[in-house]
Amino acid sequence: MAEQFTINRRPGYEFLGALTVTIECDPSALSGVKLGIAVRVAVKSRADLSGANLTGAYLSRADLSGADLTGAYLTGANLSRANLTGAYLSGADLSGANLTGANLSRAKINGEPVTRCFARIMRDDGYSFLAFTLESGGVKIMAGCRWFTVAEFRAHVAAEYPNTAKATETLWIIDAIERRASVLGIALEAEQVAA
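The rules behind each value
Residue numbering note: each chain is counted from 1, following its sequence as written. At least 70 in pLDDT is required for a residue's local features to be given in this predicted model, at least 80 for side-chain atom pairs to be given and counted, and no such filter applies to totals for whole chains, interfaces and linings, which use all residues. Note: side-chain values were computed over all heavy atoms of the structure, leaving out hydrogens and water. By the criteria applied, helices consist of DSSP H or I runs no shorter than four residues and strands consist of E runs no shorter than two, each listed in order from the N terminus. By definition in these notes, contact holds between two residues if any of their heavy atoms fall within 4.5 Å. Polar contact is defined as a pair of N or O atoms within 3.5 Å, subject to the rule that within protein one atom must be able to donate a hydrogen and the other to accept it, and that residues adjacent in sequence are counted only when both atoms are side-chain atoms. Note on pairing: two strands pair once DSSP finds at least 2 bridges between them. Axes here mean lines fitted to C-alpha atoms, for a helix over just the part in contact, with angles spanning 0 to 180 degrees between N-to-C directions. Under the scheme applied here, a residue whose accessible area is under 20% of the maximum for its type counts as buried, over 50% as exposed, and between as partly exposed, the area being computed with a 1.4 Å probe on protein chains only. Grouping buried Ala, Val, Leu, Ile, Met, Phe, Trp, Tyr and Cys residues that are joined through side-chain atoms within 4.5 Å yields what is termed a nonpolar core. Just to be clear on terms, a salt bridge is a Lys or Arg side-chain nitrogen sitting within 4 Å of an Asp or Glu carboxyl oxygen. Only protein atoms enter the 1 Å grid used here, on which a cavity is any set of points holding a 1.4 Å probe that cannot leave and a pocket is any open set flanked by protein within 12 Å on both sides along at least five of seven lines; residues with an atom within 4 Å of a point are listed as lining. Grid points are joined across faces, edges and corners, and a volume is the space filled by probe spheres set on the points. Residue classes follow a fixed rule: Ala, Val, Leu, Ile, Met, Phe, Trp, Tyr, Cys and Pro count as nonpolar, while Asp, Glu, Lys and Arg count as charged, and any other residue, Gly among them, counts as polar. What a helix is expected to span follows from its residue count: subtract one and scale by 1.5 Å.

A look at the environment of threonine 20
Tracing the chain through its elements places threonine 20 in strand S2 (residues 19-24). Put simply, threonine 20 and aspartate 68 are 48 residues apart on the chain and 16 Å apart in space, counted from C-alpha to C-alpha. Ignoring sequence-local partners within four residues, the contact set of threonine 20 consists of Gln4, Phe5 and Thr6. Among the polar contacts listed, one links the side chain of threonine 20 to the side chain of threonine 6, at a separation of 3.0 Å.

Here it is as structure tokens:
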């Protein structure tokens with residue numbers, strides 16, 4: 001059955017207006033399923049999903065290639081095995097999103113193409129750290145609005161909250177990301193090309 005479904009924007013993106021699409025689904029379907037169908041319809045029509053509130057969307061195996069998800073809330077979204085090739089994810093909140101098996105090749109975070117998310121660790125305060133491999137080589141960590149290399153994150157901790165319990169836990173998380181990268185054979189820094 002056809003129905004109108006509205007995709008709302010997160011605070012700060014309301015100026016773009018809500019996006020209403022027509023979806024075909026069972027009227028008793030869960031809201032996350034309906035939201036997932038609405039996102040698929042919006043992506044097919046090349047709608048701008050910047051700042052969309054996609055919390056809890058069921059997007060498993062969805063084709064989101066090239067989608068503009070800049071600043072989108074994807075917390076709790078199921079993106080398992082989704083195709084995010086070339087998607088724009090700068091400022092997107094991916095904390096709690098299921099990225100298992102998602103194709104992230106050439107997806108862009110802060111202008112840098114990534115290939116995959118290989119680690120996710122949550123700090124006790126609920127702050128989520130996601131580690132990505134970059135297409136150009138090396139690793140960057142997304143945590144809130146931060147997009148740092150391992151070395152940059154260590155320097156940030158030393159400068160902003162040294163000798164605190166928060167620093168100890170954050171450094172433990174960074175160490176765990178380094179260990180995971182090592183096990184997977186992922187270099188933390190891009191290889192330098194000789195001139």
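Description of the sheet that holds strand S4 (residues 112-122)
Read across the open sheet, the five strands follow the order S3-S4-S5-S6-S7; overall the sheet is antiparallel. In the strand order of this sheet, the two ends are held by strand S3 (107-109) and strand S7 (146-148), each with one partner. Across the sheet, the mean angle from the axis of one strand to that of its neighbour is 35 degrees, orientation sign disregarded. In terms of strand pairing, S4 meets strand S5 (residues 128-134) through seven bridges, oriented antiparallel.

Some details on unusual backbone geometry
Of note in the backbone geometry, arginine 61 takes a positive phi value of approximately 65 degrees without being a glycine. Considering the arrangement of structural elements, one finds arginine 61 in the loop between helix H1 (31-44) and S3. Judged by its relative accessible area of 63%, arginine 61 is exposed. With phi around 50 degrees, asparagine 110 is a residue other than glycine that occupies positive phi space. Along the polypeptide, asparagine 110 turns up in the loop between S3 and S4.

As for the nonpolar core
Of all hydrophobic cores here, the largest spans 42 residues; its most connected members are Ile7 and Leu79. Filtering out sequence-adjacent residues up to four positions away, leucine 79 remains in contact with Leu59, Leu64, Leu74, Leu94, Ala97, Asn98, Leu99 and Ala102. Counting 20 residues, the second largest nonpolar core, distinct from the first, contains Phe118, Val157, Tyr161 and Ala181.

Things to note about the pattern of salt bridges
Enumeration over the complete set of coordinates arrives at five salt bridges. Among the salt bridges present, the one from lysine 140 reaches glutamate 112, with a minimum N-O distance of 2.6 Å. Placement of the pair is lysine 140 in strand S6 (residues 139-143) and glutamate 112 in strand S4, with a sequence separation of 28 residues. The class for lysine 140 is buried, based on a relative accessible area of 12%. Ionic pairing is found between arginine 154 and glutamate 178, a salt bridge with its closest N-O pair at 2.5 Å. Pair noted here: arginine 154 is in helix H2 (residues 150-160) and glutamate 178 is in helix H3 (residues 165-184), with a separation of 24 residues, a long-range link. When salt bridges with common partners are traced through the structure, they connect Arg154, Asp175 and Glu178 into a single cluster.

What about the side chain of threonine 85?
Secondary-structure assignment places threonine 85 in the loop between H1 and S3. What makes threonine 85 buried here is its relative accessible area of 13%. Dropping the residues within four chain positions of it, threonine 85 is found in contact with Ser65, Gly66, Asn103, Ser105 and Arg106.

Quick notes on the layout of surface pockets
One simple way to see leftover space: roll a probe sized like a water molecule over the atoms. By volume, the largest pocket amounts to about 240 Å³. Each residue belonging to the lining of the largest pocket can be placed in one class, and the counts come to four nonpolar, two polar and five charged.

A look at H1
For H1, spanning 14 residues, the distance from its first C-alpha to its last is 20 Å, which sits close to the expected 20 Å at 1.5 Å a residue. Three or more residues of H1 are buried, namely Gly32, Lys34, Leu35, Gly36, Ala38, Val39, Ala42 and Val43. Next to the buried residues of H1 lie strand S1 (2-7) and S2.

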